[in-house]
Amino acid sequence: MTITLPTPSSIASAHTLIKPYIHHTPLLTNRTLNTLASTPQTPESLKDTPYEGQEPAHPKIRFFFKCENYQRIGAFKARGAFHALLRLVEREGEEVVRARGVVTHSSGNHAQALALAASTLHIPAYIVMPRISTPSKIAGTQSYGAEVIFSGSTSTEREAVVAEVQARTNAILVPPYDDYDIICGQGTTGLEMDEQYRELVSAKPELSVHSHPDSDHSKRGHLDAVITPVGGGGLNGGVTTFFSDKETRVFGAEPSFEGADDCRRGLEAGERIEAVKSLTIADGLRTPVGVLNWAIISDPKKHSGVFAVTEEQIKAAMRLVLERMKVFVEPSAVVGLAVCLYNEEFRKLVEREAPEGWDVGVVFSGGNTTVEAIGKLFG
């Protein structure tokens, strides 16, 4: 079966279309986190790991944080939802889409994003959500006027309820991540990040690791690497696609808890893993990578690899963002930062390949959590 994959130009076209509907989220820097990432880990922190007894890596890293937690509905998912819905209206016509409505399944962020996009464009929305979804995400979805229908938590159970809704309503399915238009929308995160980085470093060259007069001039003016969380893979697939004709390398980050690192393991085995059953605290990353996204991420010409971190490392990174940056994020959002701070394999890669260091773009994917949930994590 031939599949059509997005291109950098299709992502640029998506950005033009959705720009009036989304927030242009900030790109932040933080000197404290740069210092922490550029300091070797202690021998104690490497105990009981494959790197115990080895000299800790000593990379030089400068961070540029794309804050999609400030996006509409509190996550990057608004980009893909608006793009998918606007393209659907282009293809089918407003009257047809409004008469039939749209349906999806999601534990939270895509649910809220599609509900918002449908409300904005005056289209009925039916959202299938697992019963165990965060109450605030259910309430957020309902607040945009969507009809929420509950299901079990596995993808099989969700899809069965979607089929029932379609039989009852004739609604059009808008998939949560494994969809051409969704991927193009999410990829606009990378487009904005690239533009913002160039503007920022042009105005303040000292923010870049390459600002030293003796540094390699060919590396100036572009991010060395970008890292995003990987759940279904729409964000990582879209960002990878955007940078596929540029010098920036793209990496993925996953939780290792209960096999949630399906993409990393799949790349190692050379085959996509089709099911994930994990209760990682990074609840937005509990899904297997979609077929289209796997085709992008598994292409070594486009993508540079996926790294995994533990629950404790995710919590440590989240604490730093909350306390040092004063930025409100959910656990899924900081998995990329956790890789840069604590994954010794990644840190040795940076040290080995770039003695003068890397400018690294990190996507904070969302901020949809609650004070109560954070209290439980750190209580």
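Cut-offs used in this document
Residues numbered from 1 in each chain as written. Predicted model: local features only at pLDDT ≥ 70, side-chain atom pairs only at ≥ 80, totals over all residues. Heavy atoms only, no water. Helix = DSSP H or I, 4+ residues; strand = E, 2+ residues; numbered from the N terminus. Rg over C-alpha atoms; globule rule 2.2 N^0.38 Å. Buried < 20%, exposed > 50% of the residue type's maximum accessible area, 1.4 Å probe, protein only. Contact = heavy atoms within 4.5 Å. Core = buried A, V, L, I, M, F, W, Y, C linked by side-chain atoms within 4.5 Å. Domains from an automatic or database assignment. Buried area = accessible area lost by both parts, 1.4 Å probe. Salt bridge = Lys/Arg side-chain N within 4 Å of Asp/Glu carboxyl O. Polar contact = N/O pair within 3.5 Å; in protein donor to acceptor, adjacent residues only side chain to side chain. Nonpolar A, V, L, I, M, F, W, Y, C, P; charged D, E, K, R; others polar.

Caption draft 1: Summary view of the overall build of the protein. Helix and strand counts for the protein stand at 15 helices and 10 strands. Relative to the globule expectation of 21 Å for 379 residues, the C-alpha radius of gyration of the protein, 20 Å, shows essentially globular dimensions. For the protein, the spread of C-alpha atoms along the three principal axes comes to 65 × 40 × 40 Å. The buried share of the protein, reckoned over its 379 residues, is 57%. Here the contacts in the protein between residues at least 6 apart in sequence split such that 75% fall between residues at least 24 apart.

Caption draft 2: Examining the nonpolar core more closely. Counting residues in each nonpolar core, the largest one holds 40 residues, and the members touching the most others are Phe63, Phe65, Leu337, Phe346, Trp358, Val360 and Phe364. Other than its neighbours up to four places away in sequence, Phe65 contacts Pro26, Leu27, Leu28, Asn30, Leu33, Met325, Leu337, Val362 and Phe364.

Caption draft 3: Fine view of the domain arrangement of the protein. Each assigned domain of the protein is listed here: domain 1 (8-74 + 179-378) and domain 2 (76-173). Placing a centre on the C-alpha atoms of domain 1 and another on those of domain 2 gives a separation of 27 Å. If you look at the interface, domain 1 gives 28 residues, while domain 2 gives 25 residues. Carbon and sulfur atoms make up 61% of the surface buried where domain 1 meets domain 2, a total of about 2,400 Å² over both sides. It is Tyr21, Ile73 and Asp181 in domain 1 that bury the most area against domain 2; as a group they hold 28% of the surface buried on that side. At the junction of domain 1 and domain 2, the tally comes to 5 salt bridges. Salt-bridge contacts for Glu330 lead to Lys137; the nearest nitrogen and oxygen are separated by 3.8 Å. Here domain 1 and domain 2 share 11 residue pairs in polar contact (both at pLDDT 80 or more) between them. Looking at the side of domain 1 that touches domain 2, the elements that each hand over two or more residues are helix 1 (8-18) and helix 8 (180-203). With 8 residues, the top contributor of residues to the side of domain 1 that touches domain 2 is helix 8. Of the residues assigned to the side of domain 1 that touches domain 2, the class counts are 9 nonpolar, 12 polar and 7 charged.

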